[in-house]
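The chain contents come next:
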Amino acid sequence: MSGAGFKGKLYRDDAVILRVQKLGESDRIITLFTRRHGRIRAVAKGVRKTMSKFGGRLEPFGHVDVQLLEGRSLDVISQVEGVDLYGRRIMDDYPRYTVASAIAETAERLTPVEQEPALRLFQLTLGAIKALAAGEHGSSLVLDAYLLRAMGIAGWAPALRECAVCGTAGPHRGFSVPAGGAVCPDCRPPGASHPAPATIELMAALASSDWLVADASEPNHRREASGLVAAHLQWHLERALRSLPLVDRDDTTRGRARDRKDSS
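Residues numbered from 1 in each chain as written. Predicted model: local features only at pLDDT ≥ 70, side-chain atom pairs only at ≥ 80, totals over all residues. Heavy atoms only, no water.

1. What about the overall build of the protein chain?
A tally of regular secondary structure across the protein chain gives eight helices and seven strands. Counting the 264 residues in the protein chain, one finds 50% classified as buried. Put simply, of all contacts in the protein chain between residues at least 6 apart along the chain, 58% involve residues at least 24 apart. (Helix = DSSP H or I, 4+ residues; strand = E, 2+ residues; numbered from the N terminus. Buried < 20%, exposed > 50% of the residue type's maximum accessible area, 1.4 Å probe, protein only. Contact = heavy atoms within 4.5 Å.)

2. Some remarks on the nonpolar core
The biggest cluster of nonpolar side chains holds 49 residues, and the ones touching the most others in it are Ile 90, Leu 121, Leu 143, Tyr 146 and Met 203. Taken together, the elements giving at least two residues each to this core come down to strand S1 (10–23), helix H2 (94–109), helix H3 (119–134), helix H4 (139–154), helix H5 (197–207) and helix H7 (219–237). Other than its neighbours up to four places away in sequence, Met 203 contacts Leu 148, Leu 160, Phe 175, Ala 225, Leu 228 and Val 229. If you look at the next biggest cluster of nonpolar residues, it comprises 16 residues, including Ala 15, Ile 40, Val 66 and Ile 77. (Core = buried A, V, L, I, M, F, W, Y, C linked by side-chain atoms within 4.5 Å.)

3. Digging into a nonpolar patch on the surface
Side chains of Met 91, Tyr 94, Tyr 97 and Leu 246 sit close together on the surface and give an oily, nonpolar patch of about 400 Å² of accessible area. Looking at the element boundaries, Tyr 94 is found in helix H2. (Patch = residues over 30% accessible without salt bridge, like charges linked within 9 Å, V, L, I, M, F, W, Y side chains within 5 Å. Areas by Shrake-Rupley, 256 points an atom, 1.4 Å probe, with all protein chains shown as cover. Salt bridge = Lys/Arg side-chain N within 4 Å of Asp/Glu carboxyl O.)

4. Describing the pairing of strand S5 (residues 75–84)
As defined by bridge partners, strand S3 (residues 38–44) adjoins S5 across two bridges and the pair is classed as parallel. By the bridge assignment, Ala 42 is partnered in S5 with Asp 75. Hairpin connection between strand S4 (residues 63–69) and S5: a loop of five residues separates the two successive antiparallel strands. (Pairing = 2+ DSSP bridges.)

5. Regarding the pattern of salt bridges
Note on pairing: side chains with opposite charge can pair once their charged atoms come close. The tally for this structure, following the rule as stated, stands at ten salt bridges. As a salt-bridge pair, Arg 19 and Glu 108 come within 2.8 Å of each other at their nearest N and O atoms. Of this pair, Arg 19 sits in strand S1 while Glu 108 sits in helix H2, and the two are 89 residues apart along the sequence. Taking relative accessible area as the criterion, Arg 19 reaches 30% and is therefore assigned partly exposed.

6. Description of the confidence of the model for the protein chain
Of the residues in the protein chain, 89% reach a pLDDT of 70 or more, and the chain-wide mean stands at 88. Below pLDDT 50 for its whole length, residues 252–264 participates in 16 contacts with residues either more than four positions away or in separate chains. (pLDDT = per-residue confidence, 0-100.)

7. Describing H4
Along its 16 residues, H4 runs 22 Å from first to last C-alpha, staying within 8% of the 22 Å computed at 1.5 Å per residue. Burial analysis of H4 places twelve of its 16 residues in the buried class, the great majority of the element. Here H4 has its buried residues at Ser 139, Ser 140, Leu 141, Val 142, Leu 143, Asp 144, Ala 145, Tyr 146, Leu 147, Leu 148, Ala 150 and Met 151. Close packing links the buried residues of H4 with H2, H3, H5, helix H6 (211–215) and H7. (Expected span 1.5 Å × (residues − 1).)

8. Quick look at H5
Among all positions of H5, only Thr 199, Ile 200, Leu 202, Met 203, Ala 204, Ala 205 and Leu 206 are buried. Along its buried surface, H5 packs onto H4, strand S6 (174–176), H6 and H7. Downstream of H5 by one or two residues, Ser 209 has phi in the positive range, about 60 degrees.

Put into structure tokens, the structure is as follows:
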């Protein structure tokens, strides 16, 4: 047999579960984003059987402590403990579920090489899923904050407080995705959009985690910011995210109502 003599090593890590796929009649392939080993695809054997000892812990968006056995093609999950199974608070809420799916897909797209550590992106992804499950902010705001900061880690952050072309301090009224973000009147290319100043301010607040400003933003500025963020991300990815068009952007009023309730 080709596998004769191969003895994989055991290793342990904590991880966010990004995706779950069926394999055969009883197994699943679990896509994990781990703290120390980057993105990993691993097999969970027998996890779809009713008597599986850890099937309920291997659901999307959970934070888990996992032990894996190194394999030739795919590693094998041998133990798993739930740290916080956020998916249980996300899966039954459509706006949160669609946002979590977009976050997970973005994390996969930004880690194209398996088992290449990406600690900053892991921490950002875990923090976004945690905030989403807690319902502290509107889900669309959580998504756009994640996307802006993830683009910053990747080196694609849009210019927001200065001209993307000449560096002149803003605020500037023009915004051009191909140019790299906000643009001054002298550098504004044909086709540049003209978002409201409050929209650019909201994007800057989300990029810097200024939630006081972000939570107080108006729905129309949130929608405009979401469009610019999505366009900027997909320009750099060069291929659209499948999950992004499914995101429920109508949670803005619910998020604002929750904020008012929590502050009362």
